[in-house]
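Fold and contact review
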Amino acid sequence: MILPLVIAFQLAAPPAVFHALKGQTEARAPRVDTSITIDGRLDKPVWRRAAILTGFSQYSPVDQRPAPDSTEILVWYSKTSLYFGVRAFEPHGIVRATLADRDKISNDDNVEFHLDTFREGRKAFVFIVNPFGVQADGTKNEGGGFIPGANVAPGQNDLSADFQWESKGRLTDYGYEVEIRIPFSSLRYPAAAEHNWGLQIDRHTQHNGYEETWTPALKASASFIAQEGTLRGITDITHGQVLEINPELTDAIAGNPSATPDAWTYTSKLQLGGNVKWGIGSNLVLNGTIKPDFSQVEADATQIATDARFALFYPEKRPFFVEGSELFNVPNTLVYTRRISQPDAALKLTGKLGKNDLAILSALDAGSTTPNGERPLVDIVRLQRDIGPQSTAGLVYSDRVGGGRDNTVGGADVHITFGKMYFAQFQGLMSSTTTGGATRSGPMWEAVVDRTGRAFGFHYNVLGISPNFVTDNGFVARTGVVQPGIANRYSWYGAPGAFLERINAYLRTSGTWRYDDFFAGREVLEENAGVNAQITFRGGWNISTNPGLGSYAFDSTAYQSLRTTTAGGTAIAFVPRGRRSNQLMNVGISTPQFPGFAASVGTTFGNDIDFFEASAVTRADYSASLDLRPSDRLRVSATYVSSSFTRKSDGTNILSTRIPRVKVEYQLARPLFVRVVSQYTASQQQPLLDPASGRPLLVSNGGSGFTASTAQAANTLRADFLVSYRPNPGTVVFVGYGNSLTESDPLAFQRLRRTTDGFFVKLSYLFRGVGAAD
């Protein structure tokens, strides 16, 4: 196996290089006081006066090499807007482009514009276009901590927010060109006579899987954003006072079977609400909402809960909360706005004053109404100050008050970058929770040291969470533990044009102690070690392999809701004894983005532990995905995930979940599409057994008693249909229908019985006004 890899590193086909690595790092955009129609053509006279940005270099999978694809970016500005033009040359084959929905262009060729208007070197606005000018937008933030289960980690693009801007593109004989207009009223920036903004341009080419940047960006850096170039000399621009009023009318009709056979009852919930946004100058935004509707959010794809120790995380998608969410970023997800399930009203202020980031949120949460009818009041305050290049210090305060329960969290964190490759991060918090007159409090703390080198990097951390630490407005998957971790990364790069382009290997080890045991020097509760290897081949093929092993004792406090029985039938506490080990292997492969499809498959197998009953099991998980693009308007996405646990002591399949999911979208026009989503969830779980005695476990019935664990099974088919018209963010027409069906045999698709259904309609319109100059 090793010899072919070595040979592949040496095989080099000469790449087609169109521009040498020039190292361009700044540009001065000319001012032209005119306006143009954005039609995707760069033949207007004004574009001949624009500054030209070129000399792109390769960043991924291998950096420090000239880009094999030629790119020219044109830029100029007027009093009210910033204009970009893209000329992307593609001599290697077919341009990957679809008439996609907004924010759904990652599988297309695309160009990203990162605007760091405050020159912080750690946050940026992100504007992305595909060859047809279809938009994706959001923010990039390198602060905060890793978010488990989310699809956006620090440093990645967060496409939740939507901005008002224009773009249009077209295919050409040489590749494609795109025309872009970004109003200054859609940005935040400091008041200044002359603006010098950070700028990075990031081109993604699907035919080879490469990422190419305008300024040379190195892997050996603690920050990608800080390697940006500079757009200089922007003067005398107008932001204006922006006021947006966004009324919403929704009607949700829910259907359920009635007592009469074959009869259904339907209830309607008509609701009028809306949002208001006021841009206070160029650097502060005040948002308000009354009875916001979130029906436009696609249902979360079901996750499989195979480990009883951890809660499941679902990322925030709702528009009111995602705008400005980067300013609420706190390490370890201490702000998790999905805890505010359905606010009656909410108010939010975000922005930057000098070197200080400010984010304040207050909401009255009707979705968490207590039994006495009281709605909890939620308050969150996040302050962060720049203390040097890319370094920050921050404070966070959070509370949820009402219904006989008060929860308060407060603390501080600091992120210090030193050298080009290193950063350190420290966090300390304290929570206080009062329920029924009793108060408990506890700390949470973390220390991190990280090195991001080209060939070698590391990430060392220790996280401690008291069993009494509670955050009602945050997401903490597990409390009462101390978890140190060590991860070392080694990277190897192939020669230019080699078949094998890069290997990343992460060697990791971690431990978990009960919180008090860690300080008392007692035995470790859990310990893990493994290797995560990622191999990238020429053309965009990727293979990953992750062998791992672990050793586990069991925390008796996690099993207080279970009882076992003696030989005589007496119920006693269930306390798992001894240690168990696991040995798992994960393997995955993903294809490049071909002109018509992309696919991936993966599997996890080996010896594992069922933490629901603390027994040894054999595990077999499978996953697969297929994205089809039969035309530039039709998109078909199919996924399949499954997990199976087989008890080693008796060979019983005790846990099985299979989830196929299909999504079909057809883009009738750029703002109009139809979508059908269908997902089948087939799950079964056998009664829990005591692994020591083989007798059934008893589970809490929610009161003071316990009942025997029973087998559980569910076979549910969910189908949703949506027609969406969204000419711009805030103006939408949604018409949808969804239903749920069930059957006795899994995936039989016979005798399906409808259990619920529903219709919904949403109408909203964005009234946007830009007032007098600043």
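A word on the confidence of the model for the protein. When the pLDDT values of the protein are averaged, the result is 88; 91% of them are 70 or greater. Contacts for the low-pLDDT stretch residues 145–152, under 50 throughout, to residues beyond four places or in other chains number 21 contacts. Counting contacts from residues 295–314, a segment whose pLDDT is below 50, to residues more than four positions away or on other chains yields 60 contacts.

All right, on to a nonpolar patch on the surface then. A cluster of nonpolar side chains, contributed by Leu249, Leu270, Leu272, Tyr725, Val733, Val735, Val761 and Leu763, occupies part of the molecular surface with about 690 Å² of accessible area. At the level of elements, β17 (264–280), β42 (731–742) and β43 (753–764) are the ones that each hand at least two residues to the nonpolar patch. Tracing the chain through its elements places valine 735 in strand β42. Here valine 735 falls in the partly exposed class, since its relative accessible area comes to 40%.

On to the pattern of salt bridges, then. Inspection of every chain in the model, using the stated rule, returns 44 salt bridges. When salt bridges with common partners are traced through the structure, they connect Glu120, Arg122, Lys123, Lys352, Asp357 and Asp386 into a single cluster.

So, about the sheet that holds strand β32 (residues 571–573). Strand order in the open sheet formed by four strands is β32-β31-β39-β40, with antiparallel pairing between adjacent strands. Each edge of the open sheet carries a strand with a single partner, namely β32 and β40 (706–708). The mean inter-strand angle of the sheet, taken between neighbouring strand axes irrespective of direction, is 40 degrees. Across two bridges, the pairing between strand β31 (residues 562–565) and strand β39 (residues 698–700) is antiparallel. Across the sheet, the residue bridging to leucine 562 is valine 699, located in β39.

Time to look at the side chain of aspartate 202. Tracing the backbone shows aspartate 202 in strand β13 (residues 194–205). No salt bridge is formed by the buried aspartate 202. Its closest oppositely charged neighbour is lysine 140, at 5.9 Å. Residues within four places of aspartate 202 in sequence aside, it is in contact with Asn110, Val111, Glu112, His114, Glu211, Glu212, Thr213 and Phe224.

With that settled, the discussion passes to the pairing of strand β21 (residues 377–388). The side chains of a regular strand alternate between the sheet's two faces. In this sheet, β21 lies alongside strand β20 (residues 356–365) in antiparallel orientation, the contact comprising nine bridges. Across the sheet, the residue bridging to isoleucine 360 is valine 381, located in β21. From the end of β21 to the start of strand β22 (residues 391–402), which pair antiparallel, there are two residues, and glutamine 390 there has a positive phi angle of about 65 degrees.

Moving on, we come to the environment of alanine 567. Of note, alanine 567 is situated in the loop between β31 and β32. What makes alanine 567 exposed here is its relative accessible area of 75%. Put simply, alanine 567 and arginine 695 are 128 residues apart on the chain and 8.8 Å apart in space, counted from C-alpha to C-alpha.

Moving on, we come to the side chain of aspartate 344. Turning to its location among the elements, aspartate 344 is positioned in strand β19 (residues 343–353). Of note is the side chain of aspartate 344, whose polar atom sits 2.6 Å from the side chain of arginine 375.

Time to look at the packing of aromatic side chains. Applying the stated criterion to the full structure yields 35 aromatic pairs. Between phenylalanine 458 and tyrosine 460, the ring centres sit 4.5 Å apart and the planes meet at 10 degrees, which makes this aromatic pair stacked. A relative accessible area of 15% places phenylalanine 458 in the buried class. Classification of tyrosine 460 by relative accessible area gives partly exposed; the value is 30%. An angle of 90 degrees between the planes, with centres 5.4 Å apart, marks the rings of phenylalanine 518 and phenylalanine 519 as edge-to-face. Its relative accessible area of 53% is what places phenylalanine 519 among the exposed residues. These aromatic residues form a ring-pair network of at least three members: Phe418, Tyr422, Phe456, Phe458, Tyr460, Tyr490 and Trp492.

So, about the pairing of strand β11 (residues 166–171). The sheet contact formed by β11 and strand β12 (residues 175–183) spans six bridges and is antiparallel. In the sheet register, lysine 168 faces β12, and the bridge partner there is glutamate 179. The antiparallel hairpin formed by β11 and β12 contains three residues in its connecting segment.

With respect to the helices, strands and loops of the structure, glutamine 64 is situated in the loop between β3 (57–60) and β4 (65–66). The spatial distance from the C-alpha of glutamine 64 to the C-alpha of proline 216 is 7.1 Å, given a sequence separation of 152 residues.

It is worth spelling out the sheet that holds strand β6 (residues 81–89) at this point. Sheet strands associate in pairs through backbone hydrogen bonding, adopting either a parallel or an antiparallel arrangement. Taken together, five strands build an open sheet; the order of strands is β2-β5-β6-β12-β11 and the sheet is antiparallel. Every interior strand has two partners, whereas the edge strands, β2 (51–53) and β11, have only one. Direction aside, the axes of adjacent strands within the sheet are offset by 15 degrees on average. With seven bridges connecting them, strand β5 (residues 71–77) and β6 associate as antiparallel partners. Looking at β6, one finds that leucine 74 is bridged to glycine 85.

We now examine unusual backbone geometry. In this structure, the amide linkage connecting serine 60 to the following residue, proline 61, adopts the cis form with an omega of 5 degrees. Locating proline 61 in the fold gives a position in the loop between β3 and β4. If you check the backbone angles, glutamine 64 has positive phi at about 60 degrees while not being a glycine. Residue classification places glutamine 64 among the partly exposed residues on the basis of a relative accessible area of 46%. With a phi close to 70 degrees, aspartate 103 is a non-glycine residue in the positive phi region.

So, how was this worked out
- Residues numbered from 1 in each chain as written.
- Predicted model: local features only at pLDDT ≥ 70, side-chain atom pairs only at ≥ 80, totals over all residues.
- Heavy atoms only, no water.
- pLDDT = per-residue confidence, 0-100.
- Contact = heavy atoms within 4.5 Å.
- Patch = residues over 30% accessible without salt bridge, like charges linked within 9 Å, V, L, I, M, F, W, Y side chains within 5 Å.
- Areas by Shrake-Rupley, 256 points an atom, 1.4 Å probe, with all protein chains shown as cover.
- Salt bridge = Lys/Arg side-chain N within 4 Å of Asp/Glu carboxyl O.
- Helix = DSSP H or I, 4+ residues; strand = E, 2+ residues; numbered from the N terminus.
- Buried < 20%, exposed > 50% of the residue type's maximum accessible area, 1.4 Å probe, protein only.
- Pairing = 2+ DSSP bridges.
- Axes fitted to C-alpha atoms, helices over the stretch in contact; angles between N-to-C directions.
- Lys, Arg positive; Asp, Glu negative; His and termini not counted.
- Polar contact = N/O pair within 3.5 Å; in protein donor to acceptor, adjacent residues only side chain to side chain.
- Phe/Tyr/Trp six-rings, centres within 6.5 Å; stacked < 30°, edge-to-face > 60°.

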